[in-house]
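Fold and geometry: a report
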Amino acid sequence: MENKEYDVVIVGSGIAGSIVAKMLTQAGKQVLLLDAGLEAGMAFDEEGAYKNYQDYMKSYFMAQAKVPNAPYPNVKDAQSPNVLDMTQINGKPDTKGYFVQEGKLPFASDYARAAGGTTLHWLGTCLRMLPNDFKMHSKYGQAVDWPIDYEYLKPYYEMAEREIGVSCDVSEQKYPNMGNNFFGKDYVFPMLKIPQSYIDKSFIEGMEGLKVSLNGDVYTPWCTSTPQGRNSTPNKKYRYANTAWNAAKQKLELQPFAKESDEYVPVGAIWDPYSGQRCEGNASCVPICPVQAKYNALKTLKSAKKEHLTLLSQAVATEIHIDTGNGNITGVSYKQYPHADSKDYKSGTAKGKIYVLAANAIENAKILLASGACKTSGQVGCNLMDHTVLLTWGLMKDKVFPFRGPGSTTNIPTFRDGDFRKKHAAWISPIDNWGWGWPTGSPDTDLDHAVSTLNLFGKELRTYIGDTLSRQLLLHFECEQLPLKTNRVTIDDKYRDNIGNYRPVIKYDVDDYSLKAFKAAKSVSDQIFAGMGVQDFTNYPSDEPDYVDGFVFRGAGHVVGTHCMGTTKQNSVVNSQQQAWDHQNLYLVGAGNMATLGTSNPTLTLAALSFAAAENILKALK
């Protein structure tokens, strides 16, 4: 392998790297994919894949705190950030976890450095960005415009929705300022919608006709079912078999089924196609779906053309090499560790005609900074974004029975867009199905409170728990964050990992645009709770890690920015083709390219961008 030149070398096996690998290999290109995670995670044979996943499940069951990375190996040679490591920063760098936190506030999101990437523990929400999300500067005077617009990305969204296998009723999707042709005439999703939960139906009935005031304007909020990346009943009206490269037209295209009788088949578990064909409502989507009814990137990677794909696991990319004459990349250095937590490693260099970094926004930035690459704009590592999540919670008047089904099946999209974005951030409000688990640790903490504080036992205890847990309501207000040069990833020789690679040094804060949104969102929540008779239990303790100006926000796990796309090599790292301005044969893929965040979970958008990137790479290789 050392002396072989591949058509393309890809770093990272998350959804971005896997989509690019699948499209290139199916078009006949030779691809080498480097992944930092354990080799066991790359098992695609029936026995190996099942055993590895059951090891994940065992770790999940044994974990006291079932946080996103709880089921997955935390290998010292390719460490992952952990939300349990986030603490308040008190004037000196916090080095407890993988991140070195040097900002005013801790960056409170994580990602998985394992085969399949963060899709191992994503929620599965598949919302498209809105047209105005791509033109924040020209429309609202905030941040920047993307060099592409919604119409450009629309066909790639359709490819991403097929690849992920999205379940949704398109007729129910109503968003602010979405226009008359947001999905296109007669468009349907591959599968019918996941049934909305009982709590959602109760909430929708309670909110019907309710009016709320925001900045002097009166709104009538509405709810809509949420598009889900998990298996449901196939939609017989869906007519696309796959996505394929059309060499004559030099573009990727959705291919229709060969026969009228053909229909979409849900993609089951990687160890058994007949497992996970339907969501079973196990209610543990984050951190792990026990049956793989929820999409993960291993499903995409498994469908790549094997004879054209070489996988190299336990290989941590450290640096890319640059030809100082023409700026082209000449190789990727990596360290391959023999077993987990080993301090030993074997060094190697992977060579290709084109190179693709798809290793998560923070890891991509780290590699670029370590290599002195993409320096013209001075933007590498900058503009780190996440959805800042304000939570509000209370008790409904009647029992609504949370803790069943996927994490969220309904959202309030009313405040995803509007003129208020001139003043403060937009947000989306998912309705949570898992009670007060996130803010208070329910149901464990409810039992502890009942026994230790209220001294309840026997029938009184059962009655208290049955009444309290069955009425719990939790709302999220996932607020967009603007790109700021000061929110950034850097590297420092003082901070290295087990095999001498850089750890990310992060400087992070929230600005007034977000803080004003917290205040506005809490006001809307107060009005909804009052209108529905919800008993409000929301409180924001000042000792929480991300306490600021009377509010506590959480990270959403939506790591975006650090190598944003733009219109010139002076204002951005990549161009509209997702090609590095400074290096003609280097493509950066993933959420790091997103110029702004909007209010949709980023996975669907980064998947759509990855199809567009694959098309651009295939054009470049012709």
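Within an unreviewed UniProt entry, the label attached to the chain reads GMC family oxidoreductase, and the organism entered is Chitinophaga oryzae. Within the UniProt record for the chain, the comment given under Sequence similarities (unreviewed entry) is "Belongs to the GMC oxidoreductase family." In its Cofactor (unreviewed entry) section, the UniProt record describing the chain reads: "FAD".

1. Description of the overall build of the chain
On a plain count of helices and strands, the chain comes out with 12 helices and 22 strands. Computed over C-alpha atoms, the radius of gyration of the chain comes to 23 Å, within 12% of the 25 Å expected from 2.2 N^0.38 for 622 residues, which places it in the range of a compact globule. Across its three principal axes, the chain shows a C-alpha extent of roughly 70 × 60 × 55 Å. Buried residues in the chain amount to 61% of all 622 residues. Sequence-distant contacts in the chain: of pairs separated by 6 or more residues, those separated by 24 or more amount to 74%. As displayed, the chain offers around 23900 Å² of accessible surface, 49% of which is attributable to carbon and sulfur atoms. A gap of 3 Å separates the mean positions of the 64 positive and 66 negative side-chain charges of the chain.

2. Description of the UniProt feature "domain: Glucose-methanol-choline oxidoreductase N-terminal" (unreviewed entry) in the chain
With numbering matched to this structure, UniProt assigns "domain: Glucose-methanol-choline oxidoreductase N-terminal" (unreviewed entry) to residues 279-389. Summarising residues 279-389: 15% helix, 31% strand, and an end-to-end C-alpha distance of 26 Å.

3. What about the UniProt feature "domain: Glucose-methanol-choline oxidoreductase C-terminal" (unreviewed entry) in the chain?
Under the present numbering, the feature "domain: Glucose-methanol-choline oxidoreductase C-terminal" (unreviewed entry) in UniProt falls on residues 483-609. A helix fraction of 22% and a strand fraction of 14% characterise residues 483-609, whose end C-alpha atoms lie 19 Å from each other.

4. Details of the pairing of strand β2 (residues 31-34)
Burial along β2 is two-sided: Val31 and Leu33 and Leu32 and Leu34, pointing in opposite directions, are all buried. Pairing analysis gives four bridges linking strand β1 (residues 5-11) to β2, with the strands arranged parallel. Across the sheet, residue Val11 finds its bridge partner in β2, namely Leu34. Each parallel crossover has a hand, and for β1 linked through helix α1 (residues 15-26) to β2 it is right-handed. Across four bridges, β2 lies against strand β9 (residues 309-312) in parallel orientation. When the bridges of β9 are listed, Leu33 appears paired with Leu311.

5. Description of unusual backbone geometry
Val286 connects to Pro287 through a cis peptide bond whose omega is 20°. Residue placement: Pro287 occurs in the loop between β8 (251-256) and α6 (297-302). Cis geometry is adopted by the peptide bond preceding Pro443, which originates at Ser442 and carries an omega value of 5°. Positive phi is not limited to glycine here, since Ala143 has a value of about 55°. Note that Ala143 resides in the loop between α3 (136-140) and α4 (150-164). With phi around 65°, Asp186 is a residue other than glycine that occupies positive phi space.

6. Some thoughts on the side chain of Ser225
With respect to the helices and strands, Ser225 occurs in strand β6 (residues 224-225). For Ser225, a relative accessible area of 2% translates into the label buried. A polar side-chain atom of Ser225 sits 2.5 Å from a polar atom in the side chain of Glu172.

7. Notes on the nonpolar core
Formed by 171 residues in total, the largest nonpolar core has its most connected members in Leu34, Trp427, Ile528 and Leu586. Counting residues per element, this core draws most heavily on helix α12 (residues 603-620), at 11 residues.

8. A word on helix α2 (residues 46-62)
The first and last C-alpha atoms of α2 sit 24 Å apart over 17 residues, in line with the 24 Å expected at 1.5 Å per residue. Considered for burial, the residues of α2 that qualify are Ala49, Asn52, Tyr53, Tyr56, Met57 and Tyr60. Across the axial projection of α2, the buried residues extend over an arc of 145°, all falling on one side. Among the exposed residues of α2, those oriented more than 90 degrees off its buried face are Glu47, Lys51, Lys58, Phe61 and Met62.

9. A closer look at the packing of aromatic side chains
Taken as a whole, this structure holds 34 aromatic pairs when the rule is applied. An angle of 75° between the planes, with centres 5.7 Å apart, marks the rings of Tyr238 and Tyr240 as edge-to-face. Owing to a relative accessible area of 1%, Tyr238 belongs among the buried residues under this scheme. With a centroid separation of 5.2 Å and an interplanar angle of 35°, the aromatic rings of Phe415 and Trp427 are classed as tilted. With Phe415 in the loop between β14 (408-412) and β15 (427-432) and Trp427 in strand β15, this pair connects stretches of sequence that are 12 residues apart. By relative accessible area, which is 2% here, Phe415 ends up buried. Accessibility expressed as a relative area gives 0% for Trp427, which makes it buried. Ring pairing ties together the aromatic residues Phe134, Trp146, Tyr150, Tyr157, Tyr175, Phe182, Phe183, Tyr187 and Phe189, which thus form one cluster. Lying across the ring of Tyr60, Lys66 places its NZ or CZ 4.9 Å from the centre. One residue, Arg128, lies across the ring of Tyr187, its end atom 5.3 Å from the ring centre.

10. Concerning the environment of Val9
Note that Val9 resides in strand β1. For Val9, a relative accessible area of 0% translates into the label buried. Along the backbone, Val9 and Ile354 are 345 residues apart, and their C-alpha atoms lie at a distance of 6.5 Å.

11. Here's the deal with the environment of Gln142
For Gln142, the location among the structural elements is in the loop between α3 and α4. When the C-alpha positions of Gln142 and Gly557 are compared, they lie 23 Å apart, and in sequence the two are 415 residues distant. In this structure Gln142 touches Met136, His137, Arg421, Lys422, Leu482 and Tyr513, once residues within four positions along its chain are discounted.

12. Comments concerning the pattern of salt bridges
For the structure shown, the criterion picks out 18 salt bridges. Across the pair Asp133 and Arg421 runs a salt bridge whose closest N-O atoms are separated by 2.8 Å. Of this pair, Asp133 sits in the loop between β3 (100-101) and α3 while Arg421 sits in the loop between β14 and β15; the two residues are 288 residues apart in sequence, bridging distant segments of the chain. As far as the burial class goes, Asp133 and Arg421 line up, both buried. Between Lys366 and Glu363 there is a salt bridge, and its shortest N-O distance comes to 3.0 Å. One end of the pair, Lys366, and the other, Glu363, are both in helix α7 (residues 361-371), three residues apart, so they sit about a helical turn from each other. By relative accessible area, Lys366 is classed as buried at 6%. Bridged by salt links that share partners, the residues Asp133, Asp417, Arg421 and Glu480 form one connected network.

Procedures and definitions
- Residues numbered from 1 in each chain as written.
- Predicted model: local features only at pLDDT ≥ 70, side-chain atom pairs only at ≥ 80, totals over all residues.
- Heavy atoms only, no water.
- UniProt positions renumbered as here; feature names shortened; annotations may be inferred.
- Helix = DSSP H or I, 4+ residues; strand = E, 2+ residues; numbered from the N terminus.
- Rg over C-alpha atoms; globule rule 2.2 N^0.38 Å.
- Buried < 20%, exposed > 50% of the residue type's maximum accessible area, 1.4 Å probe, protein only.
- Contact = heavy atoms within 4.5 Å.
- Areas by Shrake-Rupley, 256 points an atom, 1.4 Å probe, with all protein chains shown as cover.
- Lys, Arg positive; Asp, Glu negative; His and termini not counted.
- Charge placed at Lys NZ, Arg CZ, Asp CG, Glu CD.
- Pairing = 2+ DSSP bridges.
- Right-handed = clockwise from strand over helix to strand, strands pointing away.
- Polar contact = N/O pair within 3.5 Å; in protein donor to acceptor, adjacent residues only side chain to side chain.
- Core = buried A, V, L, I, M, F, W, Y, C linked by side-chain atoms within 4.5 Å.
- Expected span 1.5 Å × (residues − 1).
- Arc of directions from axis to C-beta.
- Phe/Tyr/Trp six-rings, centres within 6.5 Å; stacked < 30°, edge-to-face > 60°.
- Lys NZ or Arg CZ within 6 Å of the ring centre and 35° of its normal.
- Salt bridge = Lys/Arg side-chain N within 4 Å of Asp/Glu carboxyl O.

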